[in-house]
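This is what each chain is made of:
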Amino acid sequence: MRVTRSVLGCLLPVAMICSADFLCPQRAQTLEISPQPAKPSDVYKIPLVYSQENEAIEAADRLLQQGQSQLKLSQFRAGLQSFQQALNLYRAAREQTGEAWALNNMGTAYVSLSDYDRAIDVFQQALPMFRQLNNREGESAILTNLANAYTAQGQTRKAIEVLQQALPLCRTRRDQPCEARVLQNLGTAYVFSAQSEQAVQFLQRSAAVYRELGDRRGEAGSLMNLAVLYNAQNQPRRAMELLQQVLPVYRDLKDRNGEAKALTNLGVSYNALAQPKKAVEFLQKALPMLRQMGDRNSEALALANLGRSYNDLSQPRQGMVFLQQALSILRDIGDRNGEAYALTNLGVSHALLGQKSPAVNALRQAQTIFRTIGNRVFETKIANILSRMK
């Protein structure tokens, strides 16, 4: 079989955005996952109702607020340090509500830093605390953020199951921002699992709720994830229309995380339009921003897309350099979706160099991962490619 270009349509930014704030995941594209941004669900604010009783709690409250401000500026490591200091103070004061919120916010920082195992660990510590306190807001926040971590790891079925627990909690409290975050993250999870109809439904609903609330960042996150879906459906021009809407929003909000993910996804669109030089231009703008923020998942996705670009420029050796860097990061952080996409393009690099055996090996590894995580669309695509290589 003669390979002339990359077979991979697109990956997820993490360049996706998830609401807690964090870029989901993603694959060689960048999704937003809420509490973050177009990050995992928004970082929640702890009410300052008990801060007058104790100087330590007052200091912890200030640190929690400081950390939230740092996350909004994409200063994830600094935010994590602030939340850890707050956690220590809350524990010393035996303030369980503050302790639970500090754990929640630490988890969102870990997600933004692509440290998903630690994120899951702290979310699972906080969840029973909120349930014991009968704090439905905190419980829905933790469930939403826990789902973001699962989505970023490629455990989309688990993520959807958790988000379906969170949605009625938001609706019972008539909490529209909470509902919008959950809807956005459900849409993101469905994008990752290649269930496009459900993804469009949830992302459009979340965008509408954010628009009604006047939340520009949240709306931009939903639109960006919808653009990721359009790239995956080989509709790059439609994706670019949305990305060109959200890029100035992120710049206006000084949200470097969202900006970098939008640039990454524009690179994906240009790759799909067979304009690899233009793709390289956008991806190289995004890469230093992602590295500076410590967003390893999105960095890996930008590298994987650069690898695809160089494959399309008939420079597969250079492509392999980027793809091997991406693969190392994706394996280290446990992003199975991203790993499978990088392996696919690595297989293309080998094929372009006439190295059939390593090409088949990489593609078979990718196919196994896609099967394991339930991505039937790409599992079938790989099977078709392998059949043509016999």
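**Describing the packing of aromatic side chains**
Two measures describe an aromatic ring pair: the distance that separates the ring centres and the angle between the ring planes.
At step 1: In total, this model carries seven aromatic pairs according to the counting rule given.
At step 2: Geometrically, the ring pair formed by Trp101 and Phe130 is edge-to-face, given 4.9 Å between the ring centres and 65 degrees between the ring planes. Of this pair, Trp101 sits in helix α3 (residues 96-112) while Phe130 is found in helix α4 (residues 116-132), placing the two residues 29 residues apart along the sequence.
At step 3: Under the relative-accessibility criterion, Phe130 is labelled buried at 0%.
At step 4: One aromatic cluster is present, built from ring pairs that chain together Tyr341, Phe370 and Phe378.

**Things to note about the packing of helix α1 (residues 55-72) against helix α2 (residues 76-92)**
At step 1: Closest axis-to-axis distance for the α1/α2 pair is 8 Å, and the angle between their directions is 160 degrees. Taken together, the axis directions place α1 and α2 in an arrangement best described as roughly antiparallel. Judged by the sense of rotation from one axis to the other, the crossing of α1 with α2 is left-handed. Of the residues in α2, those in contact with Ala56, Ile57, Ala59, Ala60, Asp61, Leu63, Leu64, Gln66, Gly67, Gln68, Gln70 and Leu71 of α1 are Phe76, Ala78, Gly79, Ser82, Phe83, Gln85, Ala86, Leu89 and Tyr90.
At step 2: In the contact of α1 with α2, the residues fall into 13 nonpolar, seven polar and one charged.

**Quick notes on the side chain of Gln367**
At step 1: Along the chain, Gln367 falls in helix α16 (residues 356-373).
At step 2: When sequence neighbours within four positions are dropped, the list of residues in contact with Gln367 reads Glu379, Ile382, Ala383 and Leu386.

**Re the confidence of the model for the chain**
At step 1: Looking at the chain as a whole, its pLDDT mean stands at 86, while 86% of the residues score no less than 70.
At step 2: In this model, residues 1-14 is a region of pLDDT below 50 whose contacts with residues beyond four sequence positions or in other chains number 79 contacts.
At step 3: Below a pLDDT of 50 lies the segment residues 21-52, which in the model reaches 295 contacts outside its immediate sequence neighbourhood of four places, other chains included.

**Remarks on the pattern of salt bridges**
At step 1: In this structure the tally under the stated criterion is 20 salt bridges.
At step 2: We note a salt bridge from Glu179 to Arg171, for which the minimum N-O separation is 3.2 Å.
At step 3: The exposure class assigned to Arg171 is partly exposed, which follows from its relative accessible area of 38%.
At step 4: Linking Glu219 and Arg211 is a salt bridge whose minimum nitrogen-to-oxygen distance equals 2.8 Å.
At step 5: We classify Glu219 as buried; its relative accessible area is 18%.
At step 6: Exposure remark for Arg211: the relative accessible area of 48% places this residue in the partly exposed category.
At step 7: Each of Arg131, Arg136 and Glu139 takes part in one network of salt bridges that share partners.

What counts, and where the lines are drawn
Residues numbered from 1 in each chain as written. Predicted model: local features only at pLDDT ≥ 70, side-chain atom pairs only at ≥ 80, totals over all residues. Heavy atoms only, no water. Phe/Tyr/Trp six-rings, centres within 6.5 Å; stacked < 30°, edge-to-face > 60°. Helix = DSSP H or I, 4+ residues; strand = E, 2+ residues; numbered from the N terminus. Buried < 20%, exposed > 50% of the residue type's maximum accessible area, 1.4 Å probe, protein only. Axes fitted to C-alpha atoms, helices over the stretch in contact; angles between N-to-C directions. Parallel < 35°, antiparallel > 145°, perpendicular 65-115°, else oblique. Left-handed = near helix turned anticlockwise from the far one by under 90°. Contact = heavy atoms within 4.5 Å. Nonpolar A, V, L, I, M, F, W, Y, C, P; charged D, E, K, R; others polar. pLDDT = per-residue confidence, 0-100. Salt bridge = Lys/Arg side-chain N within 4 Å of Asp/Glu carboxyl O.

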